[in-house]
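The primary structure of each chain is shown beneath.
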Amino acid sequence: MNSEIQLIWQELQADLHTPAMLWQILVVVVSLGLAWSINGLLRAYVLRYARESWKIAIGGINRVLFPLSSQLFVSVGALLLQEWQHTSMLRLASTLLLAMAAIRLVVYALRYIFAPGSWLRTMEHAIAGLIWLILAFQMTGLTQDAIEVMESVTFKIGKTQFDVWLVLQAVFIILVTLFVALWLSRMVENRLMASQHLNMNMRVVLTKVVRILFSLLAILMALSAVGLDITLLSVFGGALGVGLGFGLQKIASNYASGFIILLDESIHIGDIVTVQNHYGVVSELRSRYMVLRKLDNTEVIIPNETMVTDLVINHSMTDRKVRVQMAVQVSYETHLEQAMQLMLEAARTQERVLADPEPSVLLKGFADSGIDLLLNVWVADAENGTAALQSEIYMDMWRAFKKHNISIPFPQREVRVLNTAAAAGSAVEDAHKEMLDK
């Protein structure tokens, strides 16, 4: 245990049952109360009048404002009291408040960078526990002893000798550098996604490229800071290239196809497409696959390579209007003009049916049982399905046909039964005459 930590513990033991301890407790309580009041007032005022672009920085400041302001008041109290008494407890409280501020800031940054999930909560607990563990080692004076123990555990990789303490330092530097890079890339991504001058596909491409570049630069800088030779990565790059060429060919093809789709703007989020036998709305465009939400609310994951090599029908690439055709057959005794007008009225009463292009009825042909008519309507929201719309139009047509005595025929067939005996005798006579002719 070093001399400073030993002095703090001795002062705490000496002041445990004295008025000095009460004065220090009073300073801590007053500092926490003042910090809580000021924190509430500033948060209410700043969040009300701050710009939207400042909300991210304000959120981070708000997380650490309470512990830092409390630490400031505790430090001021320690300066005032140290002329008359010991302030060991105040120094200890100041250290704990700084650790609390660090934990809050790290947790806020993690929630800003990564999407919510169970693993994120586990990571937050692990980082908080690590900070408290480091603080505990520092307060008990065991930090230097632990470092010496880790430095004594050595091993070799090739011709280079390493120890556990050096490896932990390298991992810490890499994680911190990567953490900062992800934070910066998230800020750039938010700016890009909020831009109105770029289409959605270009925003997605730029955000993915920014994150990859920032992460790569962070790793390279961290390795250089640790002292590793970056040229050694050329061997790894060659091995990775061979792996991509053979074992990871499909994965690499899917990633390349994803960037091609985003850049050529052939498919956008919200488009209505048909891929193979799957029809639905594009809900997500990922680097490796596309998520297609079908009309029954099931989702199909389609690799990007499939959309580049196979035939894809984009029903809304240039126009989101989709035609819906409905076949109807009426009897030959029907007044065709009246039936066609009733079909148009049944279509026009539906809210989803567009007025431009307007509905139309075509005479398709004359069938065996009746006259075939074809109703054409246009909708702008085909992603909501057309089965319910067709059902409602058919019901309205059925009611109108019933009201005006228009019948819908059913298939009819005429069957003629011949005299089989006479037919057989006639066949025999014909055969006999044919033999005599020969």
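Presented here is a report on the structure given in the accompanying data block. (Residues numbered from 1 in each chain as written. Predicted model: local features only at pLDDT ≥ 70, side-chain atom pairs only at ≥ 80, totals over all residues. Heavy atoms only, no water.)

A look at the packing of aromatic side chains
Under the counting rule described, the total for this entry stands at one aromatic pair. On the basis of an interplanar angle of 15° and a centroid distance of 6.5 Å, the ring pair of Y332 and F366 is categorised as stacked. Linking Y332 in the loop between β8 (322–330) and α12 (336–348) with F366 in strand β9 (residues 360–366), this pair joins segments that are 34 residues apart in sequence. Classification of Y332 by relative accessible area gives partly exposed; the value is 41%. (Phe/Tyr/Trp six-rings, centres within 6.5 Å; stacked < 30°, edge-to-face > 60°. Helix = DSSP H or I, 4+ residues; strand = E, 2+ residues; numbered from the N terminus. Buried < 20%, exposed > 50% of the residue type's maximum accessible area, 1.4 Å probe, protein only.)

A few points about the packing of α12 against helix α13 (residues 387–403)
The contact between α12 and α13 brings their axes to 9 Å, and the two run at 140°. The pairing of α12 with α13 is recorded here as oblique in orientation. Helix-helix and strand crossings are classified by hand; for α12 and α13 the assignment is right-handed. Contacts between α12 and α13 involve A339, L342, M343, A346 and A347 on the former and, on the latter, I393, D396, M397, A400 and F401. (Axes fitted to C-alpha atoms, helices over the stretch in contact; angles between N-to-C directions. Parallel < 35°, antiparallel > 145°, perpendicular 65-115°, else oblique. Left-handed = near helix turned anticlockwise from the far one by under 90°. Contact = heavy atoms within 4.5 Å.)

Some points on the environment of I103
Within the secondary structure layout, I103 lies in helix α4 (residues 88–113). Along the sequence, I103 and A128 sit 25 residues apart, while their C-alpha atoms lie 5.7 Å from each other. The contact partners of I103, leaving out residues within four places of it in the chain, are A128, I131 and W132.

Describing the sheet that holds strand β3 (residues 272–275)
Spatially, β6-β5-β4-β3-β7 is the arrangement adopted by the five strands of the open sheet, whose pairing is antiparallel. Edge strands, defined here as strands with exactly one partner in the open sheet, are β6 (299–303) and β7 (312–314). Strand-to-strand twist of the sheet, defined as the mean angle between neighbouring strand axes without regard to direction, takes the value 40°. Strand direction decides the pairing type here: β3 and β7, joined by three bridges, are antiparallel. What sits directly across from V273, in β7, is N314. (Pairing = 2+ DSSP bridges.)

Section: the side chain of S257
Its place among the elements puts S257 in helix α10 (residues 249–264). The residues touching S257, leaving out its near neighbours within four places in the chain, are N304, E305 and V308.

Quick word on the nonpolar core
For soluble globular proteins, nonpolar side chains are generally found buried alongside one another. Counting residues in hydrophobic clusters, the biggest one holds 27 residues, and the most contacted among them are V330, M343, L373, L375, I393, M397 and F401. Elements that contribute at least two residues to this core include exactly β8, α12, β10 (371–379) and α13. For this core, the element with the highest residue contribution is α12, accounting for six residues. Excluding residues that lie within four positions of it along the chain, L373 makes contacts with M326, A327, V328, V330, L336, A339, M340, M343, V361, L362, L363 and K364. Within the second largest apolar cluster, 14 residues are counted, among which are V205, I261, L285 and I302. (Core = buried A, V, L, I, M, F, W, Y, C linked by side-chain atoms within 4.5 Å.)

Such coordinate-based values are descriptive only and should not be taken to indicate function.
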